[in-house]
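So the chains spell out like this:
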Amino acid sequence: KVRLDDSALVRVKSNTFGKLVYINKRTGERTEWLNFGEEQSVTMADLRAMKGSQNDFYADNMIIIVGCDDDRYMDVTPEEIYDALLVSKYYKNFLDPDKFGTLFSMSEDVIRERVGQLSRNGRLNLIVALNKAIEDGALDSMKKIRLFEELLNCDLAEPV
């Protein structure tokens with residue numbers, strides 16, 4: 001098991017549309033992500049404090065660990081960082097929004113399974129991605145659109 005020093009810097013990407021703010025309740029240290037996909041360097045101490053006081057950042061997949069931003073730990077993988085933080089269970093069935101396009105072409109059974117495993121934040125991200133894919137013409141199957149509407153309990157855009 002990898003042990004990371006509290007001062008180790010970790011690259012963390014926002015997995016939330018819009019502005020995302022974390023404030024360490026003990027130190028007052030503030031980290032802001034202004035947009036979905038934006039990356040910031042965060043200390044392991046802050047990531048540990050986040051788990052202790054604001055666990056929804058992990059449980060709802062609001063952030064994604066990209067890797068270490070510290071020369072001492074460049075070979076440490078995101079999975080090892082999740083393990084060190086004891087939050088791996090929240091990312092076990094995580095579907096990266098950058099790979100949502102692959103979900104659109106999967107079978108109905110696989111789509112049902114994968115959507116059923118998404119966190120609340122993951123579902124919101126998927127709705128945004130689906131509407132964009134419909135608007136761009138990347139998703140034009142009415143059968144698949146209706147399936148996603150059923151699974152996400154929402155109305156999606158209509159193909160043009």
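Residues numbered from 1 in each chain as written. Predicted model: local features only at pLDDT ≥ 70, side-chain atom pairs only at ≥ 80, totals over all residues. Heavy atoms only, no water.

Engineer: Would you explain the sheet that holds strand 4 (residues 39-43) in this entry?
Structural biologist: To summarise the sheet geometry, strands pair through backbone hydrogen bonds and adopt either a parallel or an antiparallel arrangement. The sheet built from three strands is open, its strands ordered 4-1-5 with antiparallel pairing. This sheet does not close on itself; its edge strands, each paired only once, are strand 4 and strand 5 (63-68). For this sheet, the mean inter-axis angle between neighbouring strands, taken without regard to orientation, is 35 degrees. Two elements, strand 1 (residues 9-14) and strand 4, share five bridges in a ladder whose sense is antiparallel. The residue of strand 4 that forms the bridge with Lys 13 is Glu 39. Contacts between helix 1 (residues 44-53) and the sheet are confined to strand 1, strand 4 and strand 5, with strand 4 contributing the most and set at about 90 degrees to the helix. (Pairing = 2+ DSSP bridges. Helix = DSSP H or I, 4+ residues; strand = E, 2+ residues; numbered from the N terminus. Axes fitted to C-alpha atoms, helices over the stretch in contact; angles between N-to-C directions. Contact = heavy atoms within 4.5 Å.)

Engineer: What am I meant to see in the environment of Leu 4 here?
Structural biologist: By the secondary structure assignment, Leu 4 is in the segment before strand 1. Separated by 122 residues in sequence, Leu 4 and Leu 126 have C-alpha atoms that sit 32 Å apart. Ignoring anything within four residues of it in the chain, the contact list for Leu 4 reads Met 44, Arg 48, Cys 68, Tyr 73, Val 76, Ile 81 and Ala 84.

Engineer: How do you make sense of the side chain of Asn 61 when you look at a structure like this?
Structural biologist: Along the chain, Asn 61 turns up in the loop between helix 2 (56-59) and strand 5. On the basis of relative accessible area, Asn 61 is assigned to the buried category, the value being 5%. The contact partners of Asn 61, leaving out residues within four places of it in the chain, are Asn 15, Asp 56, Tyr 90, Tyr 91, Phe 94, Ser 119 and Asn 121. (Buried < 20%, exposed > 50% of the residue type's maximum accessible area, 1.4 Å probe, protein only.)

Engineer: Please clarify how empty space enclosed by the protein should be interpreted in this entry.
Structural biologist: Overall, the coordinates contain one cavity of 30 Å³ or more when judged by the stated rule. The calculated volume of the largest cavity comes to roughly 30 Å³. Forming the boundary of the largest cavity are Asn 15, Asn 61, Phe 94, Leu 95, Pro 97, Phe 100, Leu 118, Ser 119, Gly 122 and Asn 125. In terms of residue class, the lining of the largest cavity is made up of five nonpolar, five polar and no charged. (1 Å grid on protein atoms, 1.4 Å probe; cavity = no way out; pocket = protein on both sides within 12 Å on 5 of 7 lines; lining within 4 Å. Points joined across faces, edges and corners; volume = space filled by probe spheres on them. Nonpolar A, V, L, I, M, F, W, Y, C, P; charged D, E, K, R; others polar.)

Engineer: What should I look at first to understand the layout of surface pockets in this one?
Structural biologist: Leftover empty space is mapped by rolling, across the atoms, a probe with the size of a water molecule. Space inside the largest pocket adds up to approximately 170 Å³. Along the walls of the largest pocket sit Ile 64, Ile 65, Val 66, Pro 78, Glu 79, Tyr 82, Asp 83, Ser 88, Tyr 91 and Phe 94, which together make up its complete lining. Broken down by secondary-structure element, the contributors of at least two residues to the lining of the largest pocket are strand 5, helix 3 (78-85) and helix 4 (88-91). Counted by class, the lining of the largest pocket contains seven nonpolar, one polar and two charged residues.

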